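Read off the chains here:
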Amino acid sequence: MCGRWHAASEKVRRPKLAAYLSFRVLLLSSILFTALSSFDVQAEVSDPPVHPGYIEALGVLGHFHEAILLAEELLSSDASFSKEPVEVSRALKLSLIEFYHKVGRNERALSEIEYLLEPGRKDSNGANRQSLKALKVKADILYSLGRFAEARELHSLVYKQRKELLGDSHEDTLKSLGAVAFFHLNERDFDTAFPLLEQIKTLQVGSLGLNHPDVSQAQNNLGAALNFAGRPIDALIELKEALEFRVEWYGSNSEEVASTLANIAASLNGLGKRDQAIVTYLRSIQIISDLEDGFTFDIFPAWEGIARIMDENGNKDAAASVYRNLISQSNANLHPTHPMLQSNLRRLASVEFRRGNVDLASELARESVLSSRIWSEQEADSSVGPERRS
C-alpha cells in the first residue's frame with residue numbers, strides 16, 4: 001500500500017508524459033554517474049562492477065528480473081563488493097529480497113530475510129530504520145504465503161517500534177499504520193480501519209500539504225477501502241483527486257496512475273457504469289503491462305474486476321477464461337493457501353456451476369475449502385508472536 005516518496009510540499013506543474021520520462025532519465029543518469037565515479041576505472045578495465053544504486057534504479061523502474069540477476073552477481077563477487085560498508089551490503093541484500101517477493105519467489109525471499117535477521121550477525125542490529133524495514137518486508141512475505149496471523153503481529157510490532165523511534169507522522173510510521181489498517185479492513189472491521197486511514201491522511205496533509213505524493217497515496221488507499229466497504233461515491237471523490245495529482249506528478253503511464261485507475265474502475269462498477277469500468281480497467285492493465293518486465297500481481301485486481309463484470313453481464317465463458325488464467329498464474333507464483341488463489345477458485349466454481357458444469361464446480365469448491373482449511377490450521381499453529389521468536 002505504498003507509493004514512491006518525494007521530498008516536495010508544493011504542487012509541481014509539468015507536462016504529463018515528458019515529466020515522467022525526464023524524471024526517469026535524470027534518475028538513471030545521476031545513478032550511473034555515481035556508479036562510475038565510485039570505482040577506480042583503469043584503462044585496461046572495460047566492464048566496471050555494477051553500482052548498487054543502478055540496481056536500485058532498475059527496481060524503481062519495475063525491471064525486477066534484471067535487478068535480481070545483477071544483485072546476485074554483485075553480492076557473490078567478493079572482489080568487487082567486499083570493500084563496501086556493511087550498511088551498503090545489507091541494503092542491497094534487502095533490496096534483492098524485495099525483488100524476489102515482487103516476482104513471486106516468496107519461499108526464497110523468506111529464507112533470505114530470516115537469515116538476514118538472525119541475531120548476532122554482524123549486519124544485524126537493533127531497532128533502527130533499516131532493521132525495521134527488514135521486519136516489514138518479512139511481514140509482507142508472510143502475508144503472501146498465507147501466514148496472516150504472523151504477518152499481522154509483525155506489522156503491528158513494526159508500527160509500535162517505528163512510532164517510538166521516528167514519531168507519529170514519519171513516513172515509515174504511517175506506512176506501518178496503513179498496514180495495520182489493512183488487516184482491520186480485511187476483517188471488515190470498518191469502525192477501526194477507517195479512522196486509521198483518515199488519521200494517516202490528516203497527518204500527511206498537516207506535515208506535507210495537500211499536493212504531495214504521499215497524500216495522493218493516502219487518498220488512493222482510502223478510496224480502495226471505501227470501495228471495499230460498498231461506498232463507491234465517497235471513493236470516487238478521493239480517487240479523482242489522487243488521479244489528478246498523480247498524472248501531473250508521475251505521468252499518465254506510471255504504475256501509480258494504473259493503481260488509481262483500477263480503483264476508479266471498481267467505483268464505476270459499483271455505480272453500475274460497467275462499460276466505463278471495463279475501459280478504465282483495460283487502461284490500467286495496459287499501463288502495467290508496458291511497465292513490468294515479467295510476472296506481477298499488480299495486474300490481478302483489474303483482471304478480477306473485468307471477470308466480475310463479464311459474469312454480471314452474462315458472459316460466463318469469458319469470465320471463466322479470465323479466472324482460469326488468474327488461477328494458473330497464482331499456482332505458479334503463490335503458496336497454495338494464499339487467499340488470492342482461494343477467492344478465484346471460489347469465483348470460478350460459482351461460474352462453472354451456473355454454466356451447468358456441476359462436477360467441475362464441486363471439485364473447485366472442494367479445492368478451495370481444503371486450501372482454506374490448511375490456512376486455518378496454519379493460523380492456529382502461528383499463535384506465537386514475532387516478538388517472542390529468535
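What you see is a predicted model; the values in this text were computed from it and never measured. (Residues numbered from 1 in each chain as written. Predicted model: local features only at pLDDT ≥ 70, side-chain atom pairs only at ≥ 80, totals over all residues. Heavy atoms only, no water.)

## Let's talk about the overall build of the protein chain
When helices and strands are tallied, the protein chain shows 18 helices and zero strands. In the protein chain, buried positions account for 45% of the 390 residues. Considering only contacts in the protein chain between residues 6 or more positions apart, those separated by 24 or more positions represent 61%. As displayed, the protein chain has an accessible area near 19,100 Å², and 53% of this comes from carbon and sulfur atoms. (Helix = DSSP H or I, 4+ residues; strand = E, 2+ residues; numbered from the N terminus. Buried < 20%, exposed > 50% of the residue type's maximum accessible area, 1.4 Å probe, protein only. Contact = heavy atoms within 4.5 Å. Areas by Shrake-Rupley, 256 points an atom, 1.4 Å probe, with all protein chains shown as cover.)

## Points about the nonpolar core
Soluble, globular proteins show a tendency: their nonpolar side chains are buried together. The biggest cluster of nonpolar side chains holds 50 residues, and the ones touching the most others in it are Phe 194 and Leu 197. Leu 197 has contacts with Ala 181, Leu 222 and Ala 225, leaving out every residue within four places of it along the chain. By size, the runner-up hydrophobic cluster in this structure holds 34 residues, among which are Leu 70, Ala 71, Leu 142 and Leu 157. (Core = buried A, V, L, I, M, F, W, Y, C linked by side-chain atoms within 4.5 Å.)

## Regarding the pattern of salt bridges
Tallying each qualifying case throughout the model produces 15 salt bridges. A salt bridge links Lys 133 to Glu 98; the nearest nitrogen and oxygen atoms lie 3.5 Å apart. Of this pair, Lys 133 sits in helix α7 (residues 129-144) while Glu 98 sits in helix α5 (residues 86-102), and the two are 35 residues apart along the sequence. For Lys 133, a relative accessible area of 34% corresponds to the partly exposed category. Classification of Glu 98 by relative accessible area gives partly exposed; the value is 24%. A salt bridge links Glu 238 to Lys 201, with the shortest nitrogen-to-oxygen separation between them at 2.9 Å. Within this pair, whereas Glu 238 is found in helix α12 (residues 232-250), its partner Lys 201 is found in helix α10 (residues 190-208), the two being separated by 37 residues in sequence. Overall, Glu 238 belongs to the buried group, its relative accessible area being 11%. (Salt bridge = Lys/Arg side-chain N within 4 Å of Asp/Glu carboxyl O.)

## Details of helix α9 (residues 171-186)
With 16 residues, α9 should cover 22 Å at 1.5 Å per step; its first-to-last C-alpha distance of 23 Å lies within 8% of that length. Among the residues making up α9, those that are buried are Asp 172, Thr 173, Leu 174, Ser 176, Leu 177, Gly 178, Ala 179, Val 180, Ala 181, Phe 183 and Leu 185. Elements that come into contact with the buried residues of α9 comprise α7, α8 (148-166), α10 and α11 (213-228). Residue Arg 188 follows α9 closely and has a positive phi angle near 60°. (Expected span 1.5 Å × (residues − 1).)

## Details of the packing of aromatic side chains
If you walk through the whole model with that rule in mind, you get eight aromatic pairs. Taking the centre distance of 6.1 Å and the plane angle of 80° together, the rings of Phe 190 and Phe 228 count as edge-to-face. Of this pair, Phe 190 sits in helix α10 while Phe 228 sits in helix α11, placing them 38 residues apart in sequence. Taking relative accessible area as the criterion, Phe 228 reaches 37% and is therefore assigned partly exposed. Pairing Phe 245 with Trp 249 gives two aromatic rings, centres 5.6 Å apart and planes at 20°, and the pair type is stacked. Taken together, the residues span about one helical turn, with Phe 245 and Trp 249 both in helix α12 at a distance of four residues. Each residue in the set Tyr 143, Phe 148, Phe 182 and Phe 183 is aromatic and connected to the rest through ring pairs, giving one cluster. (Phe/Tyr/Trp six-rings, centres within 6.5 Å; stacked < 30°, edge-to-face > 60°.)

## Details of the confidence of the model for the protein chain
Model confidence for the protein chain is summarised by a mean pLDDT of 80, while 76% of its residues fall at 70 or above. No element of the protein chain has a lower mean pLDDT than helix α1 (residues 16-37), which averages 48, and none a higher one than α12, which averages 96. Contacts for the low-pLDDT stretch residues 35-46, under 50 throughout, to residues beyond four places or in other chains number eight contacts. (pLDDT = per-residue confidence, 0-100.)

## So, the packing of α11 against α12
Put simply, α11 and α12 touch, their axes get as near as 8 Å, and they point 150° apart. Classified by the angle between their axes, α11 and α12 sit roughly antiparallel to one another. α11 and α12 meet at a crossing whose hand is left-handed. Seen from α11, the contacting residues are Pro 213, Ser 216, Gln 217, Gln 219, Asn 220, Leu 222, Gly 223, Ala 224, Leu 226 and Asn 227; seen from α12, they are Pro 232, Asp 234, Ala 235, Glu 238, Leu 239, Glu 241, Ala 242, Phe 245, Arg 246, Trp 249 and Tyr 250. (Axes fitted to C-alpha atoms, helices over the stretch in contact; angles between N-to-C directions. Parallel < 35°, antiparallel > 145°, perpendicular 65-115°, else oblique. Left-handed = near helix turned anticlockwise from the far one by under 90°.)

## Describing helix α6 (residues 106-116)
For α6, the full list of buried residues reads Asn 106, Ala 109, Leu 110, Ile 113 and Leu 116. Down the axis of α6, the buried side of the element spans an arc of 130°, and every buried residue falls inside it. (Arc of directions from axis to C-beta.)

## A closer look at the environment of Asn 227
Note on placement: Asn 227 falls in helix α11. Contacts of Asn 227, omitting those with residues within four sequence positions, involve Pro 232, Ala 235, Leu 239, Asn 263, Ala 266 and Ser 267.

## Re the environment of Leu 154
When you line up the elements, Leu 154 lands in helix α8. Judged by relative accessible area, Leu 154 falls into the buried class, the value being 3%. Between the C-alpha atoms of Leu 154 and Leu 142, which are twelve residues apart in sequence, the distance is 9.3 Å.

## Considerations on the side chain of Arg 246
Relative to the helices and strands, Arg 246 is located in helix α12. No salt bridge is formed by the buried Arg 246. Its closest oppositely charged neighbour is Glu 256, at 6.4 Å. Within the structure, Arg 246 has its side chain in polar contact with the side chain of Gln 217 (distance 2.5 Å). Aside from chain neighbours lying at most four places away, what touches Arg 246 is Ser 216, Gln 217, Asn 220, Gly 251, Glu 256, Val 257, Ser 259 and Thr 260. (Lys, Arg positive; Asp, Glu negative; His and termini not counted. Polar contact = N/O pair within 3.5 Å; in protein donor to acceptor, adjacent residues only side chain to side chain.)

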